[in-house]
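Chain residues, written in single-letter form:
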Amino acid sequence: MSAEAADREAATSSRPCTPPQTCWFEFLLEESLLEKHLRKPCPDPAPVQLIVQFLEQASKPSVNEQNQVQPPPDNKRNRILKLLALKVAAHLKWDLDILEKSLSVPVLNMLLNELLCISKVPPGTKHVDMDLATLPPTTAMAILLYNRWAIRTIVQSSFPVKQAKPGPPQLSVMNQMQQEKELTENILKVLKEQASDSILVLEAALKLDKDLYVHTMRTLDLLAMEPGMVNGETESSTAGLKIRTEEMQCQVCYDLGAAYFQQGSTNAAVYENAREKFFRTKELITEIGSLSLHCTIDEKRLAGYCQACDVLVPSSDSTSQQLTPYSQVHICLRSGNYQDVVKIFIEDNLTFSLPVQFRQSVLRELFQKAQQGNEALDEICFKVCACNTVRDILEGRTISVQFNQLFLRPNKEKIDFLLEVCSRSINLEKASDSLKGNMAAFLKNVCLGLEDLQYVFMISSHELFITLLKDEERKLLVDQMRKRSPRVNLCIKPVTSFYDIPASASVNIGQLEHQLILSVDPWRIRQILIELHGMTSERQFWTVSNKWEVPSVYSGVILGIKDNLTRDLVYILLAKGLHCSTVKDFSHAKQLFAACLELVTEFSPKLRQVMLNEMLLLDIHTHEAGTGQSGERPPSDLISRVRGYLEMRLPDIPLRQVIAEECVAFMLNWRENEYLTLQVPAFLLQSNPYVKLGQLLAATCKELPGPKESRRTAKDLWEVVVQICSVSSQHKRGNDGRVSLIKQRESTLGIMYRSELLSFIKKLREPLVLTIILSLFVKLHNVREDIVNDITAEHISIWPSSIPNLQSVDFEAVAITVKELVRYALSISPNNHSWLIIQADIYFATNQYSAALHYYLQAGAVCSDFFNKAVPPDVYTDQVIKRMIKCCSLLNCHTQVAILCQFLREIDYKTAFKSLQEQNSHDAMDSYYDYIWDVTILEYLTYLHHKRGETDKRQIARETEHERGRSRER
């Protein structure tokens, strides 16, 4: 060892191992001690805290010399911080269970996006369009990790979350929590929109037959080196931590099963997919056994899922004898055969096969149905409750409050049934002494709780009672009962039996609140609230459920109502109505809104107008989801109400932005262009940005057939959209005069934000309007100076060809918007050839040549009856054909290149000959010669095969050439 190296080692060893708490991440960054820190038995800070801090430091914005806000710089320090965060996750072996438990959704989203970036996944590329089988193993695994996390997060968000008790209010903490909540909601919204793509990616992963590899700390270090130093190791089949195919499939099957199970609540047919995936997971766990190091499945939860799937989707070959008790109960409940449920529960009291929680859930479901007006279920509720009570006492649990309530007024039928259940629930020959003792104590306590001696003698003379209690115990009990007198009965008992205590007020309030949450009948909701307010005046019952959400513009007015009962009723009716409208239960939504309108009309003109506005929005949604889908025009009354809303000038009325948005979209969708261009009041154009945007779109559609010089509104629309897509730099100074926050923000000079514009466009269905908007954004995308491949679109010539200040436009946001709009437009009309060409051009511009060729061919197919007719020349222009040629060339389909060269107005012989010279072709080569009709190309082929000595192929080309010659002579 050299002296210099020895000095360096001594200096390193003398440094403290534990850095100061305030700058530990800087210490790890500068000293490269991360691995040493992680090897400690209990590292402080913990690995997940390291991830959070590394990513927070890397995402801090920077400040330039002019004190302007700049995005986080892409410098060496930030790249190292991101790399350190990835290395910590690699140390945790990318275990999503650990990461999800400890990291928030925004942090984990940032971490996995960094993993995608470092794994060479092209940004903006849809994962569903990528072939996992052809990707490097670590890249494929990164995509799988992201999409597994996406659907796991969606599933987790559907579970109810217990609200944490708020501590002392701190403004900074509350602001931070609110920002994180909003960011989480935005991420969840995107994940839910991409859920179908994520499921397709994971389904494709199940078809892989090769092992995958996930990045380790070593492979991440290799990626951080210069490309020339890696020697390709990170893309080989042995780099990283090996994940066996069976382990990967096991995790993916479980996550897919959970996603399908969650979707089953709205589409019962999906439960079959969930069942298939869960049972495949069980098979894979059996195959993997104890050898698995990376496959962590909660087997108890998996067993619960499988059990639920057995109930929801019984096997097709199962008979009634083969069905599990769960399935039998579920079938009986669906068919309304409740007596059989009672029989199953009595039989289960002998076997104890059904969990107590499941039996209680069945009783709750029956209680809910009974409380909704089905009085015939009252008897069934008592019988099921009696069965559950006998099961409880046999297992040594206390009797439920529900049984005591139902048994407050006993009669002969109830006593007879209870004795029958007790007799059939115990096998006296095989039962243990503890079971017999529990049953005897129960019967004895029931007798003590009865006032009517006739019922006491019914029990004491029963065979089971005589068998379980000794003669002395029976006589003592009967004597106790006989000594009772009416005088004693009228007094308060010295020692009250526990079973005589009625349910407490808190239990009754809890049951009523439960009914309040479930009910959608406005009159039943009113009745429940009256009962609740009669029990207590201290509670605010509009806070019972955190799912009851009312827009903030309304809540201030509603919560200002002085009468507590009226305030609760208005809030709950409106919240439930909005929820029903969201889930497309329009009939119940209309009932709830109508009841609320009738209520507020009596005391608040302001809330009356609010309800009229909400009912208008509900009627729009009802028509669009019903007869509007078949093209039937809305009634004239509805159109008049929409106009009335847009022209409304009532002061101090709280208005929701979405209603104006929906009204303008409604007018555009039903081609009410005359009103929007000529009849809309001038004040609306100044006060309502959606009316202004709708007026410009309608006028542009009207002027479209005219000469270019007359399209003034097109230029106005262009300027409005450019302003919306612009950005501005903003900064904030602290008390010390320093810049504390600098950000690149959307410009506030536009009439709305880009996200609001995108949300509005996604409410449009009129093809011409969508085509106009698409062409505008495509033109705006093409204006960039660094653009290589233009995107084509219909009517693109009506827009200006330049922008005075290119730097002010957020072109990345424009590119994302174009992709979103094309995806939405194709969901409305999948066979629109113009939109298909735009989608193909986008894929072409991002070097996704296989997907681009797919959409070019689809565009030709839809406008030529699947190529039974000639494709119109305005669809397959020379530019489109040249791009198809380039796609085929880069995909090594060289014979297809020669075929496509014939479609150009001037045949490109140079490209055709060059492509035919290629011998490594991925297409069918000589099988395609029948599709070459140009004799010059065929002659060249004949010459080429002759020169190579390929006799068979030369003969095929020569015969095809002669056939074309004879056809020309004819």
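As annotated in an unreviewed UniProt entry, the chain is INTS8 TPR repeats domain-containing protein from Felis catus. According to the UniProt record, the Sequence similarities (unreviewed entry) comment for the chain reads "Belongs to the Integrator subunit 8 family."

Chemist: Before we go on, may I ask you to explain the overall build of the chain in this structure?
Modeler: In terms of regular secondary structure, the chain is built from 48 helices and six strands. A total of 970 residues make up the chain; the buried ones form 45% of that total. In the chain, the share of contacts with a sequence separation of at least 24, taken over all contacts with a separation of at least 6, comes to 65%. Of the roughly 51,900 Å² of accessible surface on the chain, a fraction of 52% belongs to carbon and sulfur atoms.

Chemist: What is the right way to read the packing of helix H33 (residues 636-646) against helix H34 (residues 657-669) from this model?
Modeler: Helix-helix packing is characterised by the crossing angle of the two axes and by the distance between the axes. It is the contact of H33 with H34, at a shortest axis distance of 10 Å, that shows an interaxial angle of 135 degrees. It follows from the interaxial angle that H33 and H34 lie oblique. Judged by the twist between their axes, the crossing of H33 over H34 is left-handed. In this structure, H33 contributes Leu638, Ile639, Val642, Arg643, Tyr645 and Leu646 to the contact, and H34 contributes Ile659, Ala660, Cys663, Val664, Phe666 and Met667. Residues that form the contact of H33 with H34 fall into these classes: 11 nonpolar, no polar and one charged.

Chemist: In this structure, what is going on with the packing of helix H30 (residues 564-582) against helix H31 (residues 586-600)? I would like to understand it.
Modeler: As a packed pair, H30 and H31 sit with axes 8 Å apart at the nearest point and diverge in direction by 155 degrees. Put simply, H30 runs roughly antiparallel to H31. Read as a crossing pair, H30 and H31 show a hand that is left-handed. On H31, the residues touching Leu569, Val570, Leu573, Leu574, Lys576, Gly577, Leu578, Cys580 and Ser581 of H30 are Phe586, His588, Ala589, Leu592, Phe593, Ala595, Cys596, Leu599 and Val600.

Chemist: Just to check I follow, could you spell out the confidence of the model for the chain for this structure?
Modeler: Low pLDDT marks regions whose predicted coordinates should not be analysed in detail. Scored by pLDDT, the chain has a mean of 79; 81% of the residues are at 70 or more. In the model, residues 317-321 has pLDDT below 50 throughout and makes three contacts with residues more than four positions away in sequence or in other chains. This model gives residues 485-504 a pLDDT under 50, and the stretch forms 14 contacts once residues within four places in sequence are excluded.

Chemist: Is there a simple way to think about the environment of Ser827 in this case?
Modeler: Turning to its location among the elements, Ser827 is positioned in helix H41 (residues 811-828). Looking at Ser827, its side chain comes within polar contact range of the main-chain oxygen of Tyr824, at 2.4 Å.

Chemist: What should I look at first to understand the nonpolar core in this one?
Modeler: Generally speaking, nonpolar side chains in soluble globular proteins are found buried as a group. One finds Ile558, Leu646, Leu697, Leu717, Phe760, Phe777 and Ile838 to be the most contacted residues of the largest nonpolar core, which totals 148 residues. Beyond its immediate stretch of four places on either side in the chain, Leu697 contacts Leu668, Leu717, Phe760, Val769, Ile772 and Ile773.

Chemist: Teacher, can you tell me more about unusual backbone geometry here?
Modeler: Excluding glycine, residues mostly have negative phi values, and the peptide bonds linking residues are mostly trans. Non-glycine residue Lys93 carries a positive phi angle of around 60 degrees. Following the sequence through the fold, Lys93 ends up in the loop between helix H5 (76-91) and helix H6 (96-102). The phi dihedral of Lys120 is positive, around 70 degrees, even though this residue is not glycine. Turning to its location among the elements, Lys120 is positioned in the loop between helix H7 (105-118) and helix H8 (137-157).

Chemist: What should I look at first to understand the side chain of Gln609 in this one?
Modeler: Mapped onto the elements, Gln609 comes out in helix H32 (residues 605-625). Overall, the relative accessible area of 14% leaves Gln609 in the buried class. Leaving out residues up to four positions away in the same chain, Gln609 has contacts with Met648, Leu650 and Ile653.

Chemist: How should I be thinking about helix H38 (residues 712-724) in this particular structure?
Modeler: Here H38 contains 13 residues, and its C-alpha end-to-end distance of 19 Å stays within 8% of the 18 Å for a straight helix at 1.5 Å per residue. Restricting attention to buried positions, one finds in H38 the residues Thr713, Ala714, Leu717, Trp718, Val720, Val721, Val722 and Ile724.

Chemist: Honestly, the side chain of Arg656 in this entry has me stumped. Any pointers?
Modeler: One can find Arg656 in the loop between H33 and H34. By relative accessible area, Arg656 is classed as buried at 18%. A polar atom in the side chain of Arg656 sits 2.9 Å from the side chain of Glu614. Setting aside anything within four residues of it in sequence, one finds Arg656 in contact with Pro551, Val553, Tyr554, Leu578, Glu614, Leu617 and Tyr645.

Chemist: Quick question: what am I supposed to make of the packing of aromatic side chains here?
Modeler: For any two aromatic rings, the description comes down to two numbers: the centre-to-centre distance and the angle of the planes. Inspection of the entire model under this criterion finds 20 aromatic pairs. Taking 5.3 Å as the distance between ring centres and 65 degrees as the angle between the ring planes, the aromatic pair formed by Phe261 and Tyr271 counts as edge-to-face. Residue Phe261 is found in helix H13 (residues 245-263), and its partner Tyr271 is found in helix H14 (residues 271-288); the two are separated by 10 residues along the sequence. On the numbers, 5.6 Å between centres and 25 degrees between planes, the contact of Tyr843 with Tyr855 is stacked. Within this pair, whereas Tyr843 is found in helix H42 (residues 833-845), its partner Tyr855 is found in helix H43 (residues 849-862), the two being separated by 12 residues in sequence. Positioned over the ring face of Phe279 is Arg275, at 4.8 Å from the centre of the ring. Over the face of the ring belonging to Phe382 we find Lys414, whose NZ or CZ atom lies 5.1 Å from the ring centre.

Chemist: For this particular structure, what's the right way to read the environment of His945?
Modeler: Note on placement: His945 falls in helix H47 (residues 935-948). In this structure His945 comes out as buried when scored by relative accessible area, which is 4%. The sequence separation of His945 and Gln917 amounts to 28 residues, and the corresponding C-alpha distance is 9.7 Å. Leaving out residues up to four positions away in the same chain, His945 has contacts with Tyr929, Glu950, Lys953, Arg954 and Ala957.

Chemist: Could you clarify how one ought to interpret the pattern of salt bridges in this entry?
Modeler: Note that side chains of opposite charge can pair when their charged atoms are close. Counted according to the given criterion, the structure contains 34 salt bridges. Ionic pairing is found between Lys383 and Glu379, a salt bridge with its closest N-O pair at 3.2 Å. In this pair, Lys383 and Glu379 are both assigned in helix H19 (residues 377-394), four residues apart and thus about one turn of the helix distant. Between Glu766 and Arg671 there is a salt bridge whose closest N-O contact spans 2.8 Å. Pair noted here: Glu766 is in the loop between helix H39 (754-761) and helix H40 (767-782) and Arg671 is in the loop between H34 and helix H35 (673-679), with a separation of 95 residues, a long-range link. The class of Glu766 is buried, set by a relative accessible area of 13%.

Chemist: How do you make sense of the environment of Val778 when you look at a structure like this?
Modeler: Inspection of the secondary structure assignment puts Val778 in helix H40. With residues near it in sequence (within four places) discarded, Val778 still touches Ile791, Thr792, Ala793, Ile796, Val818 and Ile838.

Definitions and limits used
Residues numbered from 1 in each chain as written. Predicted model: local features only at pLDDT ≥ 70, side-chain atom pairs only at ≥ 80, totals over all residues. Heavy atoms only, no water. UniProt positions renumbered as here; feature names shortened; annotations may be inferred. Helix = DSSP H or I, 4+ residues; strand = E, 2+ residues; numbered from the N terminus. Buried < 20%, exposed > 50% of the residue type's maximum accessible area, 1.4 Å probe, protein only. Contact = heavy atoms within 4.5 Å. Areas by Shrake-Rupley, 256 points an atom, 1.4 Å probe, with all protein chains shown as cover. Axes fitted to C-alpha atoms, helices over the stretch in contact; angles between N-to-C directions. Parallel < 35°, antiparallel > 145°, perpendicular 65-115°, else oblique. Left-handed = near helix turned anticlockwise from the far one by under 90°. Nonpolar A, V, L, I, M, F, W, Y, C, P; charged D, E, K, R; others polar. pLDDT = per-residue confidence, 0-100. Polar contact = N/O pair within 3.5 Å; in protein donor to acceptor, adjacent residues only side chain to side chain. Core = buried A, V, L, I, M, F, W, Y, C linked by side-chain atoms within 4.5 Å. Expected span 1.5 Å × (residues − 1). Phe/Tyr/Trp six-rings, centres within 6.5 Å; stacked < 30°, edge-to-face > 60°. Lys NZ or Arg CZ within 6 Å of the ring centre and 35° of its normal. Salt bridge = Lys/Arg side-chain N within 4 Å of Asp/Glu carboxyl O.

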